[in-house]
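Examining the three-dimensional arrangement
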Amino acid sequence: MLKAVPLPNPCPTSTPAPKTIAPYDTYQCTVGEDFLRIAREQLREDDNIRSQALAQFREWIAKHPYIKKCRTDAVFLLRFLRTKKFSVPAACEMLEKYLTIRQLYPAWFRKLDIEDPAINEIVSAGYLVPLLQRDALGRQVIMSCAGKFDPHRYTSAQMARVHSLVCEALMDDEESQITGYNHINDESGLAMAHVSLWSLTDIRNMMRCIQNSTPMRHKETHFINLPHYGSKLIEFMMTILNEKLKKRIVLHSSLDDLKRHVDPSILPKEYGGVVPLSEMIDKLKIRLKQKRQEILALDDFYIEISKTAANFAGSEDADMDAGVVGSFRKLEVD
């Protein structure tokens, strides 16, 4: 049984402007029976639960005193409901955080545009690409190649925006909402110049955003070809992640070891698969261009941010670097 969704306490000294709510769409299922079975078994989803959850979620958004503009179509809201296994209060909390981080960190989450020259170059180089075939469990696989990102030419903000752009292009896919995502990270070519792009505070805040605010079911994360300082960076990131995500990180000693966990046929041809990386990049760019206006429209979302909401994303850690950055930078000479 779904529980009623609590509303946040409205500020007693302010009167929110009235919201105009567009007519709600009627959900049309786009997935096959195999994915519906997974949704029932793993997410507790059926037609009745889905319908009730969407209605409660929409009512909550309509009455929310601080959310001024947000998508309310079924597929968008199902990003959050499926990530939270149809716990409506948890989905509502994640949506608040999703809207908040877009405003707290605009350099990471706004102006996600494939026609931005730097973004286009990074995507074209093959730094981050979704594989064309799903893994054996039906998950969307996303591969990143550190060596294809030039840390002397591009910034950490541009790196983050590429990740945000690709994720936004994928998150409305219902099959992926149900089965989740499998991440493969090839860290060959990772240099201290890459690491130096990020402050420890930014790393910590980004990791919080990924695990608390991004409506994606992160099922596995694989790393190959890690240099020694890359391993220490992963150790630092592990201190931030919750226990569930920690258990889903796998470090591989070699590409052959990765292939024992991931069907090699779905990898780019350069890694022993069938389809060349260049073809995967071309398909991604077509998708990003098709969804360009839809993704740019996310910048119109707006939520009034309270001090409490701002703190969840890590602003209270603004002085974190001072205490630990020295020891972290020792990695360069260790």
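Residues numbered from 1 in each chain as written. Predicted model: local features only at pLDDT ≥ 70, side-chain atom pairs only at ≥ 80, totals over all residues. Heavy atoms only, no water.

**Considering the side chain of Asp 172**
Along the chain, the position of Asp 172 falls in the loop between α7 (156-170) and α8 (174-179). Side chain to side chain, Asp 172 and Arg 71 meet in a polar contact 3.0 Å long. A polar contact of 2.8 Å, which involves the side chain of Asp 172, links it to the side chain of Arg 79. Sequence-distant contacts of Asp 172, that is, excluding residues within four places in its chain, are made with Arg 71, Val 75, Phe 76, Arg 79, Gln 177, Lys 291 and Glu 294. (Helix = DSSP H or I, 4+ residues; strand = E, 2+ residues; numbered from the N terminus. Polar contact = N/O pair within 3.5 Å; in protein donor to acceptor, adjacent residues only side chain to side chain. Contact = heavy atoms within 4.5 Å.)

**Things to note about the pattern of salt bridges**
Scanning all chains against the criterion turns up 26 salt bridges. Arg 50 is the salt-bridge partner of Glu 45, the closest N and O atoms lying 2.8 Å from each other. Pair check on accessibility: Glu 45 and Arg 50 agree, each one buried. A salt bridge links Arg 71 to Asp 73, with the nearest nitrogen and oxygen atoms 2.8 Å apart. Residue class for Arg 71 comes out buried when judged on its relative accessible area of 16%. For Asp 73, a relative accessible area of 24% puts it in the partly exposed group. Sharing partners across several salt bridges, the network here consists of Arg 71, Asp 73, Arg 79, Glu 168, Asp 172, Lys 291 and Glu 294. (Salt bridge = Lys/Arg side-chain N within 4 Å of Asp/Glu carboxyl O. Buried < 20%, exposed > 50% of the residue type's maximum accessible area, 1.4 Å probe, protein only.)

**Here's the deal with the sheet that holds strand β3 (residues 140-145)**
Read across the open sheet, the 5 strands follow the order β2-β3-β4-β5-β6; overall the sheet is mixed. Looking at the sheet topology across the chains shown, the edges are occupied by β2 (128-130) and β6 (249-251). Pairwise comparison of adjacent strand axes, ignoring direction, gives a mean angle of 15 degrees for this sheet. With 3 bridges joining them, β2 and β3 adopt antiparallel strand pairing. (Pairing = 2+ DSSP bridges. Axes fitted to C-alpha atoms, helices over the stretch in contact; angles between N-to-C directions.)

**Description of unusual backbone geometry**
Backbone geometry at Lys 85 places phi at a positive 50 degrees, although glycine is not the residue there. One can find Lys 85 in the loop between α3 (74-83) and α4 (88-104). Taking relative accessible area as the criterion, Lys 85 reaches 40% and is therefore assigned partly exposed. The phi dihedral of Asn 225 falls on the positive side, at around 60 degrees, and the residue is not glycine. The topology assignment puts Asn 225 in the loop between β5 (218-224) and α11 (228-238).

**Comments concerning the packing of helix α2 (residues 47-63) against α3**
Contact pair α2 / α3: the axes reach a minimum separation of 10 Å and the direction vectors enclose 100 degrees. Comparing their axes, α3 and α2 come out roughly perpendicular. Of the residues in α3, those in contact with Arg 50, Ala 53, Leu 54, Phe 57, Arg 58 and Ile 61 of α2 are Ala 74, Leu 77, Leu 78, Phe 80, Leu 81 and Arg 82. Its residues assigned to classes, the contact of α2 with α3 comprises 9 nonpolar, no polar and 3 charged. (Parallel < 35°, antiparallel > 145°, perpendicular 65-115°, else oblique. Nonpolar A, V, L, I, M, F, W, Y, C, P; charged D, E, K, R; others polar.)

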